[in-house]
Protein chains: 2
Amino acid sequence: MGRAVAIVGTGHSKFGVRNDVNIAELAWEAMREAASEAGIELRDVDQVVVGNAGGWSSEYLSSIVLLEYAGISGKPVYRVEAACATGSAAIKAAHDAIAAGEADLVLVVGVEKMNESPTPIVVEMIGRAGNYFWEFENFGLTFPGYYALYATAYMSEFGATEEDLCRVAVKNHHHASMNPKAHFPRAITLEQCLQSRYVAWPLKLYDSSPITDGAAAVVMASEDLARKLTDSPVWIHSIGMASDTSNLSKRPDFLVHRASRLAAERAFKKLGIEIEGSYKHFDFANVHDAFTIAEILAYEAMGFAKLGEGYKLVREEQTYVGGLIPVNLDGGLKAKGHPIGATGVSMAVEHVRQLQGRVEKGRQAEIKRGRSLAHNVGGTGHYAFVTVYGLDKPRSR
Amino acid sequence: MGRAVAIVGTGHSKFGVRNDVNIAELAWEAMREAASEAGIELRDVDQVVVGNAGGWSSEYLSSIVLLEYAGISGKPVYRVEAACATGSAAIKAAHDAIAAGEADLVLVVGVEKMNESPTPIVVEMIGRAGNYFWEFENFGLTFPGYYALYATAYMSEFGATEEDLCRVAVKNHHHASMNPKAHFPRAITLEQCLQSRYVAWPLKLYDSSPITDGAAAVVMASEDLARKLTDSPVWIHSIGMASDTSNLSKRPDFLVHRASRLAAERAFKKLGIEIEGSYKHFDFANVHDAFTIAEILAYEAMGFAKLGEGYKLVREEQTYVGGLIPVNLDGGLKAKGHPIGATGVSMAVEHVRQLQGRVEKGRQAEIKRGRSLAHNVGGTGHYAFVTVYGLDKPRSR
């Protein structure tokens, strides 16, 4: 159909509580590195897409502020938002511009500076992104509560335990300990996780992703330009998108993450991949582990495990390097951090570097199939994006 | 390059103070009509793009709320924002998805429900979309003040008068008087405008666009599908985008609207149109008349008049039906209203209906060239989008 689209440069800020920089300086850390890797000047790009959910400070129009600081005012730009999947939506918009022939070189920058608001305000504001009127305003549900509903339903139905949830945290912290850009670049023990305080039973502090500031950027190019700029482009093979009602009470059950499943089916359909056992097609994956239970639900939604068996993958350590399907080798949202607008772009950065075999030893996947999967959720499953990256140019183009 | 993209259905809510509906009901008025005109069911679309700036109420994630109310939860969707040019950015994103072959049928809905906040809050929040730190926070500039700076510079340099500004308002109210969907569907006299109270000298109440609630929607399709759905598709010929610093104090002067000029040049380049005298290529145009001075600056930025001579077009009534280039035949932002996320989509609705010769008598342009221009600004010129619509399929595709 459209033209093939490749990523030719990546940049990533240190994730964490970044009170040392403003939002433009934070974004610049990633933009500068992405341009440098691509061997371009930022002024060479035809268009910019900004992924930023915003709302944490009283300043608006982050796109314009970012471009001005980077010295590229004038460039075509717009901002994209899909809650916690904002970064993936930005990559989709940039992909389409290049595939359509509207642009040859596009910069995508995802950024979020969440710690400008105090933590209780952030928790409230994220809560409003649940089902606002019925569940947040009337019942006071915030995101830990939402995911606790998932966790209790799952544990009750399938026999998973709090230990199983904590095993996800232990794995992702293990990987983060080798990722210097992670918010928490350190390992934890199962006991530490189990002894951490409850946030919303059965979820504990260590089951939860932190409130993180961070930025990530990629330079994307048409095939012609990609061939000129690099010997090792990473291609976008497929993007599947879906949405769902925000109302958990209207979803058929808490055990199947419906938008994620639908997004995966759509992404896989273009590639002729069957969803059951899909892990055989990928060297590694990122899934949206905003809470540990979310990672287990994602295993099942992506077809890595049958319904009700996702927790066994982590119990059997099949999602570490060397397992059936290594997952969240960068530490995931859980330990790398989850600066909302940056997360989907950060996944893209990780996938490019993993596929090119250049991440830190110990968390580098073995690259045999040359293909990887990134799964990014917005809200409690309001949005889902599944993006497949690969070393070979996609065949249909 | 990419595939040709057509609009096959349009929908438009009544604009005004719409306390009778919530945001989903408001959007539905436009979505329902667009689907009906296209002869499709909403569930037939491959993707939805939502244009909504938001921030007027405590509810987030408007996209999800809209889809749920319309009964199409599950559809791929994301939200796009480019300040007051949000609607045009949404059309650009949808265009690219179809041109790239990623989707065949896309619904774009632009919506804003601004009157959920009290007027002083709305004025403050829009003010933050100027240059936040230096100009808004330190000097208290809000948008009437920004555009007053444009107006005083322009009047001082070129000899335009307050009467000339009011002539824009009189013209746009004249057109709005024939548009039942307009916020103010009534004519005003020059005296009424001149006697209205100052908001920021030399701009008066009647020089200013109102705070409006409204929604607009279009169904966009690939060529194959468009041919099946309608005998009279309207094609997107070209989209030009640009940005600029938010800092008025850093722009070289107040007399040239730089982002608008750049966006027009980019849109025209694809079509081989020279910017000087560009009006010869169009049957009519919409320009971004957030304030009356903005319409005059836009005439010059679009190449309809030489620098410093835009006010003569309105003095000579050349932008009425029958003039050199009829402008804002729907009443414009000034009298039709300016619900931020809806405005760019509302322009698209107007252009399709004008080109098809089916708007109200008296404000219908004579269609000879079969081509029209829509100009949409975000901020004080932070963003600009120029979209060219046409009755013939674009030649290069």
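Residues numbered from 1 in each chain as written. Chains lettered and ligands numbered in written order. Predicted model: local features only at pLDDT ≥ 70, side-chain atom pairs only at ≥ 80, totals over all residues. Heavy atoms only, no water.

### Looking at the interface of chain B and chain A
A common way to state how big an interface is: give the accessible area lost once the parts meet.
Part 1 of the argument: Tallying the contact residues gives 52 residues for chain B and 52 residues for chain A.
Part 2 of the argument: Each partner contributes to the roughly 4,500 Å² buried at the junction of chain B and chain A, and carbon and sulfur atoms together form 53% of this total.
Part 3 of the argument: The salt bridge involving Arg79 of chain A is made with Glu81 of chain B; its shortest N-O contact spans 2.5 Å.
Part 4 of the argument: Across the chain B-chain A interface, the total number found is 20 residue pairs in polar contact (both at pLDDT 80 or more).
Part 5 of the argument: The element contributing the most residues to the side of chain B that touches chain A is helix α3 (residues 86-99) of chain B, with seven residues.
Part 6 of the argument: Taken together, the residues of the side of chain B that touches chain A sort by class into 24 nonpolar, 13 polar and 15 charged.
Part 7 of the argument: Two elements, strand β3 (residues 77-81) of chain A and strand β3 (residues 77-81) of chain B, share three bridges in a ladder whose sense is antiparallel. Residue pairing in the sheet places Arg79 of chain A in a bridge with Glu81 of chain B of β3 of chain B. (Contact = heavy atoms within 4.5 Å. Buried area = accessible area lost by both parts, 1.4 Å probe. Salt bridge = Lys/Arg side-chain N within 4 Å of Asp/Glu carboxyl O. Polar contact = N/O pair within 3.5 Å; in protein donor to acceptor, adjacent residues only side chain to side chain. Helix = DSSP H or I, 4+ residues; strand = E, 2+ residues; numbered from the N terminus. Nonpolar A, V, L, I, M, F, W, Y, C, P; charged D, E, K, R; others polar. Pairing = 2+ DSSP bridges.)

### Some details on the state of the cysteines
Residue and element names in this part refer to chain A.
Part 1 of the argument: Counting across every chain of the model gives two disulfides over all chains.
Part 2 of the argument: Between the sulfur atoms of Cys166 and its disulfide mate Cys193 the distance is 2.0 Å. Across the S-S bond linking Cys166 and Cys193, the dihedral sits near -75 degrees, which makes this disulfide left-handed. With a gap of 27 residues between them, Cys166 in helix α7 (residues 162-176) and Cys193 in helix α8 (residues 190-195) connect regions that are remote in the sequence. Per residue, the accessibility class of Cys166 equals that of Cys193, and both read buried. (Disulfide = S-S within 2.5 Å. Buried < 20%, exposed > 50% of the residue type's maximum accessible area, 1.4 Å probe, protein only.)

### Some remarks on the UniProt feature "domain: Thiolase N-terminal" (unreviewed entry) in chain A
Part 1 of the argument: According to UniProt, the "domain: Thiolase N-terminal" (unreviewed entry) feature falls on residues 5-224 of chain A.
Part 2 of the argument: Taken end to end, residues 5-224 of chain A comprises 42% helix and 19% strand; its first and last C-alpha atoms sit 10 Å apart. (UniProt positions renumbered as here; feature names shortened; annotations may be inferred.)

### Points about helix α4 (residues 119-127) of chain B
Part 1 of the argument: Turning to α4 of chain B, its buried residues number three or more, namely Val122, Met125, Ile126 and Gly127 of chain B.
Part 2 of the argument: If you follow the buried residues of α4 of chain B, they end up packed against α5 (132-137) and α6 (143-158) of chain B.

### Observations concerning the relation of the copies chain B and chain A
Part 1 of the argument: Each copy superposes on the other: chain B lies on chain A with an RMSD of 0.0 Å after a rotation of 180 degrees and an axial shift of 0.0 Å. Such a combination of rotation and displacement between the chain copies is what one expects of a two-fold axis. When C-alpha positions in chain B are compared against the rotation axis, the closest is assigned to Ala100 of chain B, at 1.9 Å.
Part 2 of the argument: In this assembly, 100% of the residues forming the interface of chain B have copies in chain A that are likewise at the interface, indicating an isologous arrangement. (Least-squares fit on C-alpha atoms with pLDDT ≥ 70 in both.)

### Digging into the packing of aromatic side chains
Residues and elements named next belong to chain A.
Part 1 of the argument: Within the structure shown, the criterion is met by 21 aromatic pairs over all chains.
Part 2 of the argument: Ring plane angle 25 degrees and centroid distance 5.8 Å describe the contact between Tyr132 and Phe136, whose orientation is recorded as stacked. In this pair, Tyr132 and Phe136 both sit in helix α5 (residues 132-137), four residues apart, roughly one turn of the helix. There is no split in this pair, since Tyr132 and Phe136 are both buried. (Phe/Tyr/Trp six-rings, centres within 6.5 Å; stacked < 30°, edge-to-face > 60°.)

### A look at the pattern of salt bridges
Residues and elements named next belong to chain B.
Part 1 of the argument: Under the criterion given, the structure shown has 58 salt bridges over all chains.
Part 2 of the argument: Here Asp207 makes a salt bridge to Lys204, at a shortest N to O gap of 3.7 Å. For the pair Asp207 and Lys204, one class covers both residues: buried.
Part 3 of the argument: Taking the shortest distance from any N to any O, the salt bridge between Glu265 and Arg261 comes out at 3.7 Å. Taken together, the positions of Glu265 and Arg261, both in helix α10 (residues 258-269) and four residues apart, correspond to about one turn of that helix.
Part 4 of the argument: By relative accessible area, Glu265 is classed as partly exposed at 37%.

### Considerations on the packing of α6 of chain B against helix α11 (residues 292-301) of chain B
Residue and element names in this part refer to chain B.
Part 1 of the argument: With their axes 9 Å apart at the nearest point, α6 and α11 run at an angle of 60 degrees to one another. Classified by the interaxial angle, the pair formed by α6 and α11 is oblique. Between α6 and α11 the crossing geometry is left-handed. Here α6 contributes Tyr147, Tyr150, Ala151 and Tyr154 to the contact with α11, which in turn contributes Ile293, Ala294, Ile296, Leu297 and Glu300. (Axes fitted to C-alpha atoms, helices over the stretch in contact; angles between N-to-C directions. Parallel < 35°, antiparallel > 145°, perpendicular 65-115°, else oblique. Left-handed = near helix turned anticlockwise from the far one by under 90°.)

### Considering the pairing of β3 of chain A
Residues and elements named next belong to chain A.
Part 1 of the argument: Burial analysis of β3 places five of its five residues in the buried class, the great majority of the element.
Part 2 of the argument: Side chains of β3 alternate between two faces, with Val77, Arg79 and Glu81 and Tyr78 and Val80 buried alike.
Part 3 of the argument: Where strand β2 (residues 47-51) meets β3, four bridges bridge the pair, whose relative direction is parallel. Pairing of Gly51 across the sheet is with Val80, part of β3.
Part 4 of the argument: A crossover connection joins β2 to the parallel β3 through helix α2 (residues 62-69); in handedness this β-α-β unit is right-handed. (Right-handed = clockwise from strand over helix to strand, strands pointing away.)

### Some thoughts on the side chain of Lys336 of chain A
All names here are of chain A.
Part 1 of the argument: As for its placement among the helices and strands, Lys336 is situated in helix α13 (residues 332-336).
Part 2 of the argument: Here the side chain of Lys336 touches Asp330 through a polar contact of 2.7 Å, side chain to side chain.
Part 3 of the argument: Setting aside anything within four residues of it in sequence, one finds Lys336 in contact with His12, Phe15, Ala176, Asn179, Ala182, His183, Asp330, Gly331, Ser346 and Met347.

### What to know about the UniProt feature "domain: Thiolase C-terminal" (unreviewed entry) in chain A
Part 1 of the argument: On the UniProt side, "domain: Thiolase C-terminal" (unreviewed entry) is annotated at positions that read residues 240-390 of chain A here.
Part 2 of the argument: As a span, residues 240-390 of chain A carries 32% helix and 15% strand, and end to end its C-alpha atoms are 15 Å apart.

### Remarks on the packing of helix α1 (residues 23-38) of chain A against α2 of chain A
All names here are of chain A.
Part 1 of the argument: In the contact formed by α1 and α2, the axes pass within 9 Å of each other and the chain directions differ by 60 degrees. As for how α1 packs across α2, the hand of that crossing is right-handed. Contact with α1, carried on its side by Ile23, Ala24, Glu25, Ala27, Trp28 and Met31, involves Ser62, Val65, Leu66 and Tyr69 of α2 and no other residues of that element.

### Here we look at α2 of chain A
Each full turn of the α-helix corresponds to 3.6 residues, which orients residues three or four apart in the same direction.
Part 1 of the argument: Counting buried positions along α2 of chain A yields six of eight residues, so the element is predominantly enclosed.
Part 2 of the argument: Listed as buried for α2 of chain A are Ser62, Ser63, Ile64, Leu66, Leu67 and Glu68 of chain A.
Part 3 of the argument: Lining the buried residues of α2 of chain A we find α1, β2, β3 and β4 (105-113) of chain A together with β8 (234-243) and β11 (383-390) of chain B.
Part 4 of the argument: Positive backbone phi, at 75 degrees, marks Gly71 of chain A, one or two positions downstream of α2 of chain A.

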